[in-house]
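Residue strings, one per chain:
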Amino acid sequence: MRTVKEVSALTGISVRTLHWYDEIGLLKPSAISDAGYRLYDDKALERLQQILFFREFDLPLREIKSIMENPALDRNQILLGQRKMLEQKKERLERLIFTIDDILKGENRMDFAVFNQEDIEQLYRAVMGNLSDEQKKQFMGNYIAANGGATSKMSDAKMMGKDAAEQEAEFHKMFVKNASGEQAQKNFQKLVEWYGSKEQVLEGAQPTNPDIFAAYQKRLDAVMKKLADKRGEEPSGFPVKEIIGEYDFVSRQLYQIKDAEAIVKDLAALYQTNEQARTALDKQYGAGTADFFAAAVGEFYKKM
């Protein structure tokens, strides 16, 4: 057992901070001595280490507490995901250094597209890296169908009679070509607005452990069900705001984004302007959910 002063000396965390963690229930002492001093065992120190890791990612304490106490989320998997993000950020910083070196040498070629060829290739690898073979097949079919018209028919014809590897190679060409187009670049610009930078978009698109992704999706579904149960209540009330706050938090974790306001507000706007999306949400969670979600989102971010 270690006293609070010993833990402070060992970790560099102030005694006042450790007291505050105790008060908010984030890190409770393992025991209290007869003299009233807080005592911490190795298990408590392990929890403190995890807390400090999450603090490095600028997560608020209340959200760290939520992660630590939520059995649906695997803390180790989350940390592994964050470690992968840091490695990818390191690689991108190294590429930026090389680009600066090229500029200094007068060898840099300017490219004003939102996503250049290298970015598109990286995005493709990230998207496909998340999918199983069956999911890839479904994704390619949906993507081709979404393009519609002659392009879709031509692509279907190209795919026929080819094995899975050949089909994916053909799809890769089509994906890269479409992603280089004007409309796709406009869509990329919207992603940049959501994430804050192109680099953060690419970070957010990196392959994610399917179990983590499924856990976040399951939690978002649970949040939406809680919100649907509140229909008829005041959207500006604390119970509703608390639910949207949870939706905001899970969205940030799911999309690996620091600020989810833009993406959540755009989603709310979609449910107001797109009849198909509106109908689908109301069908899943009950009539009026789309309107209530939009109103609740508006109230939640009004203070921000």
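Rules and cut-offs
- Residues numbered from 1 in each chain as written.
- Predicted model: local features only at pLDDT ≥ 70, side-chain atom pairs only at ≥ 80, totals over all residues.
- Heavy atoms only, no water.
- Helix = DSSP H or I, 4+ residues; strand = E, 2+ residues; numbered from the N terminus.
- Buried < 20%, exposed > 50% of the residue type's maximum accessible area, 1.4 Å probe, protein only.
- Areas by Shrake-Rupley, 256 points an atom, 1.4 Å probe, with all protein chains shown as cover.
- Expected span 1.5 Å × (residues − 1).
- Polar contact = N/O pair within 3.5 Å; in protein donor to acceptor, adjacent residues only side chain to side chain.
- Axes fitted to C-alpha atoms, helices over the stretch in contact; angles between N-to-C directions.
- Parallel < 35°, antiparallel > 145°, perpendicular 65-115°, else oblique.
- Contact = heavy atoms within 4.5 Å.
- Nonpolar A, V, L, I, M, F, W, Y, C, P; charged D, E, K, R; others polar.
- Pairing = 2+ DSSP bridges.
- Core = buried A, V, L, I, M, F, W, Y, C linked by side-chain atoms within 4.5 Å.
- pLDDT = per-residue confidence, 0-100.
- Left-handed = near helix turned anticlockwise from the far one by under 90°.

### Notes on the overall build of the chain
- Helices and strands together make up the secondary structure of the chain, namely 16 helices and 3 strands.
- Relative to its 304 residues, the chain shows a buried fraction of 36%.
- Just so you have it, the chain exposes about 18,500 Å², and 52% of that area is on carbon and sulfur atoms.

### Some thoughts on helix 3 (residues 42-56)
- Over its 15 residues, helix 3 extends 21 Å from the first C-alpha to the last, a length consistent with the 21 Å expected when each residue adds 1.5 Å.
- Within helix 3, the full set of buried residues consists of Ala-44, Leu-45, Leu-48, Gln-50, Ile-51 and Phe-54.
- Two or three places before Lys-43, at the start of helix 3, stands the capping residue Asp-41, its side-chain oxygen 3.2 Å from that residue's backbone nitrogen.

### Quick look at the packing of helix 13 (residues 238-255) against helix 16 (residues 289-302)
- For the pair helix 13 and helix 16, the least separation of the axes is 9 Å and the interaxial angle reads 90°. Between helix 13 and helix 16, the angle falls in the class roughly perpendicular. Residues Val-240, Lys-241, Ile-244, Gly-245, Tyr-247 and Asp-248 of helix 13 lie in contact with helix 16, whose contacting residues are Phe-292, Phe-293, Ala-296, Val-297, Glu-299, Phe-300 and Tyr-301.
- Tallied by class, the residues present in the contact of helix 13 with helix 16 amount to 9 nonpolar, 1 polar and 3 charged.

### Observations regarding the sheet that holds strand 3 (residues 38-40)
- The antiparallel open sheet is built from 3 strands, whose spatial order is 1-3-2. Here the strands that pair on one side only, and so sit at the sheet edges, are strand 1 (2-3) and strand 2 (31-32).
- Of the pairings in the sheet, the one linking strand 2 to strand 3 comprises 2 bridges and is antiparallel in character. Across the sheet, the residue bridging to Ala-31 is Leu-39, located in strand 3.

### What about the nonpolar core?
- With 47 residues, the main nonpolar core has Leu-18, Leu-27, Ile-64, Leu-227, Val-264 and Phe-293 as its most contacted residues.
- The element contributing the most residues to this core is helix 16, with 8 residues.
- Ignoring any residue separated from it by four or fewer positions in sequence, one finds Leu-27 in contact with Leu-18, Tyr-21, Asp-22, Tyr-40, Ala-44, Arg-47, Leu-48 and Ile-51.
- If you look at the next biggest cluster of nonpolar residues, it comprises 9 residues, including Met-128, Met-140, Val-176 and Ala-179.

### Overview of the environment of Glu-168
- Here Glu-168 shows up in helix 9 (residues 164-179).
- The sequence separation of Glu-168 and Met-128 amounts to 40 residues, and the corresponding C-alpha distance is 9.7 Å.
- In this structure, Glu-168 is in contact with Tyr-124, Met-128, Lys-136 and Met-140, ignoring residues within four places of it in sequence.

### Quick look at the confidence of the model for the chain
- For the chain, per-residue confidence averages 76 on the pLDDT scale, and 66% of positions sit at 70 or higher.
- Low confidence marks residues 148-160, where pLDDT is under 50. Its contacts with residues over four positions away, or in another chain, come to 10 contacts.

### Considering the packing of helix 1 (residues 4-11) against helix 2 (residues 15-23)
- Close contact between helix 1 and helix 2 brings their axes to 9 Å; oriented N to C, the two are set at 115°. By crossing handedness, the relation of helix 1 to helix 2 is classed as right-handed. Contacts from Val-4, Lys-5, Val-7 and Ser-8 of helix 1 reach helix 2 at Val-15, Leu-18 and His-19.
- Per-class residue counts for the contact of helix 1 with helix 2 are 4 nonpolar, 2 polar and 1 charged.

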